[in-house]
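So the chains spell out like this:
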Amino acid sequence: MPNATSAHFPFDNSYARLPDRFFTRQPPSPVTAPGLVAVNRALADRLGLTLPTDEAETARIFAGNTLPAGAAPLAQVYAGHQFGGWSPQLGDGRAVLLGEVVAPDGARFDIQLKGAGPTPYSRRGDGRAWLGPVLREYIVSEAMAALNIPTTRALAAVTTGDIVQRDGFLPGAVFTRVAASHIRVGTFQYFAARKDIEALQALSDHCIARHFPQAQGPADLLDAVIGAQARLIAQWMGVGFVHGVMNTDNMTISGETIDYGPCAFLDAYHPDTVFSSIDQFGRYAYANQPQIAVWNLAQLATALLTLIPDREAGIEMFTAAVNGFAARFDAEWHGVLRAKLGLGTAQPDDPALAFDLLARMADNGADFTRSFRALSGADPRQARDEFIDPTAFDAWFATWQDRLAQEGAGDAARRARMQAVNPARIARNHRVEQVIEAAVAGDLAPFETLMAALAHPFDEDPAHAAYADPPLDGEHVTRTFCGT
Ligand code: AMP
Ligand code: MG
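Computed from a prediction, not measured in an experiment: that's the story for all the values here. (Residues numbered from 1 in each chain as written. Chains lettered and ligands numbered in written order. Predicted model: local features only at pLDDT ≥ 70, side-chain atom pairs only at ≥ 80, totals over all residues. Heavy atoms only, no water.)

## Focus: the overall build of the protein chain
Filter applied, for reference: The numbering of helices and of strands both runs from the N terminus, where a helix is a DSSP run of H or I of at least 4 residues and a strand a run of E of at least 2. In this description the radius of gyration comes from C-alpha coordinates, and the expected globular size is given by 2.2 Å times residues to the power 0.38. In this scheme, a residue with accessible area under 20% of its type's maximum is buried, one over 50% is exposed, and one in between is partly exposed, where area comes from a 1.4 Å probe on protein chains only. Pairs of residues are marked as contacts when any of their non-hydrogen atoms sit within 4.5 Å. Under the convention used here, a 1.4 Å probe and the Shrake-Rupley method define accessible areas, while residue burial counts only the protein chains that appear. The charge count includes Lys and Arg as positive and Asp and Glu as negative, but it does not include His or the ends of the chains. By convention, the point assigned to a charge is CZ for Arg, NZ for Lys, CD for Glu and CG for Asp.
Looking only at helices and strands, the protein chain features 15 helices and 12 strands. Scaling as 2.2 N^0.38, a compact globule of 484 residues should have a C-alpha radius of gyration of about 23 Å, and the protein chain matches this with 23 Å. C-alpha atoms of the protein chain, sized along the principal axes, occupy 65 × 60 × 45 Å. Residues classed as buried in the protein chain amount to 58% of the 484 residues present. Intrachain contacts of the protein chain at a sequence separation of at least 6 include 72% that bridge at least 24 residues. With an accessible surface of roughly 18,900 Å², the protein chain has 53% of that area assigned to carbon and sulfur atoms. In the protein chain, the 39 positive side-chain charges and the 54 negative ones have mean positions that sit 3 Å from each other.

Written as structure tokens, this is what we have:
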């Protein structure tokens, strides 16, 4: 099947060297007419990839029609709790891991094609993706990277020339995802549920070597994952990100954000915001994300417990570790909020000051991103325009000014620090939807403009000023879909 290609990927496929029961070897299924939508050349350089100069050949690679030399394509198996309900076997149902590359600096990355055709784990699915979710993941994952938030990355998007049937007939597409690894909480759960201690030990060793080399064993690994997730969720919340489907199979061991399905950024701030059409009870609402992380990490702890010979002692130790999430998250979250408010020192009342602002924002329909960006500007009083009742802002503002007076740094330095953490532009949902609609109609210009607008989200950029704006009446997107 695969034609020769001039591409070079520096593969070293360590996951493929794990025991057979970790995966099924599975090549991507070729598509009819690969068409290049986007390729992230900066990321390709960072990974040490050599891509063909020819666009058609590049499209064939990212469609899965041509395999770069050294690829060892496979579908990973995992399990997971989806909306709290246990699924003993999931797995890559529409994704194929081409392999791992070792970048020039020694860092190791998975390269995965998503939408690459059926695998043994496809269940009733077709193994395919359509252009909408592919572009959504491309845009939002790269936006998160530009916001300095740990995330999987977008290397390429191609159309397939095939039609995918969902609610209607839609253009098929393949997304190329780059990740520190695709190992999930659900990967541990899969082997724990089978009492496969040998596999669990191998998985734990693999994750330690790959992600947390300082860890000495399963207890350290759990501790490291808890720390990474506490930090990640705080960072999400600091930019108003709602993941939308924090199932245990969608939570990485590495601490990277993964699986951009029904995710979205808040426009107006409200802690109860839910976008996902299938999240009927708000399980994965904005402010619920830390609690859900704890729930997921408790599942990881339960799986890792299988590796602890003294079960009683293990339960005590792991319970303490999981219970420790709350304090670790709070420390991260308070740090994020202090930075957003330009506070270089920590004082006991700082979290209350931040929460008071958030409560007033929620009551007043204030736009999350624009409010904090306005506070970072030369005239922070402009933030009051975001509030239905601006006097609700004024009362808070006076307290903040008093607090800032206790800071050593000058105003200009503080503003610069605030502008480096409070973005001007996020991947607003109505923009993402506009891009998808245009792309399905054959126009990629809005996609390219949006990518340019989001590449440097902390810089003032008059050319892309409109991308800082919230949706107009009639542009609000209140429901998002998994797009599977
Ligand atoms: P997700 O909601 O994207 O995390 O997917 C949940 C599970 O459903 C995973 O095991 C996916 O591989 C599988 N899945 C989602 N979409 C498809 C599809 N179109 N074909 C086959 N499997 C799918
Ligand atoms: Mg998933």
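## Side note on the coordination of the magnesium ion (ligand 2)
Each pair of donors in an ideal four-coordinate tetrahedral metal site encloses 109.5 degrees, whereas pairs in an ideal six-coordinate octahedral site enclose 90 or 180 degrees. Put simply, the rule reads: Only nitrogen, oxygen and sulfur atoms qualify as donors, and only when within 2.8 Å of the metal (3.2 Å in the case of Na, K and Ca); with water excluded, sites may look incomplete.
Protein ligation of the magnesium ion (ligand 2) involves Asn250 (OD1) and Asp259 (OD), the donor distances falling in the range 1.9 to 2.2 Å. Residue classification places Asp259 among the buried positions, given a relative accessible area of 13%.

## Comments concerning the packing of helix α7 (residues 289-305) against helix α8 (residues 311-323)
If you want to describe how two helices pack, look at the angle between their axes and the distance between the axes. Selection criterion: Axes here refer to lines fitted to C-alpha atoms; in helices the fit is confined to the stretch in contact. Angles between the N-to-C directions go from 0 to 180 degrees. These descriptions rest on fixed angle ranges, namely under 35 degrees for roughly parallel, over 145 for roughly antiparallel, 65 to 115 for roughly perpendicular, and the rest for oblique. A crossing counts as left-handed when the near helix is turned anticlockwise from the far one by less than a right angle, and as right-handed when that turn is clockwise. Any residue that is not Ala, Val, Leu, Ile, Met, Phe, Trp, Tyr, Cys, Pro, Asp, Glu, Lys or Arg is counted as polar, Gly included; the first ten are nonpolar and the last four charged.
The N-to-C vectors of α7 and α8 enclose an angle of 160 degrees; their axes lie 10 Å apart at closest approach. In terms of their interaxial angle, α7 and α8 are classed as roughly antiparallel. Taken as a pair, α7 and α8 cross one another with a handedness that is right-handed. Together, Val294, Leu297, Ala298, Ala301, Leu304 and Leu305 of α7 and Arg311, Gly314, Ile315, Phe318 and Val322 of α8 make up the contact between the two elements. Of the residues in the contact of α7 with α8, the class split is 9 nonpolar, 1 polar and 1 charged.

## Some thoughts on the packing of helix α14 (residues 429-440) against helix α15 (residues 445-455)
Following both chains from N to C, one finds α14 and α15 inclined at 150 degrees, their axes separated by 7 Å at the closest point. Here α15 runs roughly antiparallel to α14, going by the angle between their axes. Taking contact as the criterion, the partners of Arg431, Val432, Val435 and Ala438 in α14 are, on α15, Pro446, Phe447 and Leu450. Partitioning the contact of α14 with α15 into residue classes produces 6 nonpolar, no polar and 1 charged.

## Concerning the packing of aromatic side chains
To be explicit about the condition: Paired rings are identified among Phe, Tyr and Trp, the last through its six-membered ring, by centres lying within 6.5 Å, and are further divided according to the angle between planes into stacked (under 30 degrees), edge-to-face (over 60) and tilted (the rest).
Under the counting rule described, the total for this entry stands at 21 aromatic pairs. Taking the centre distance of 4.4 Å and the plane angle of 40 degrees together, the rings of Phe22 and Phe191 count as tilted. Taken together, the residues Phe22 in the segment before β1 (23-25) and Phe191 in helix α4 (residues 185-193) connect sequence positions 169 residues apart. Among the residues examined, Phe191 registers a relative accessible area of 1% and is labelled buried. Each residue in the set Tyr15, Phe22, Phe23, Tyr190 and Phe191 is aromatic and connected to the rest through ring pairs, giving one cluster.

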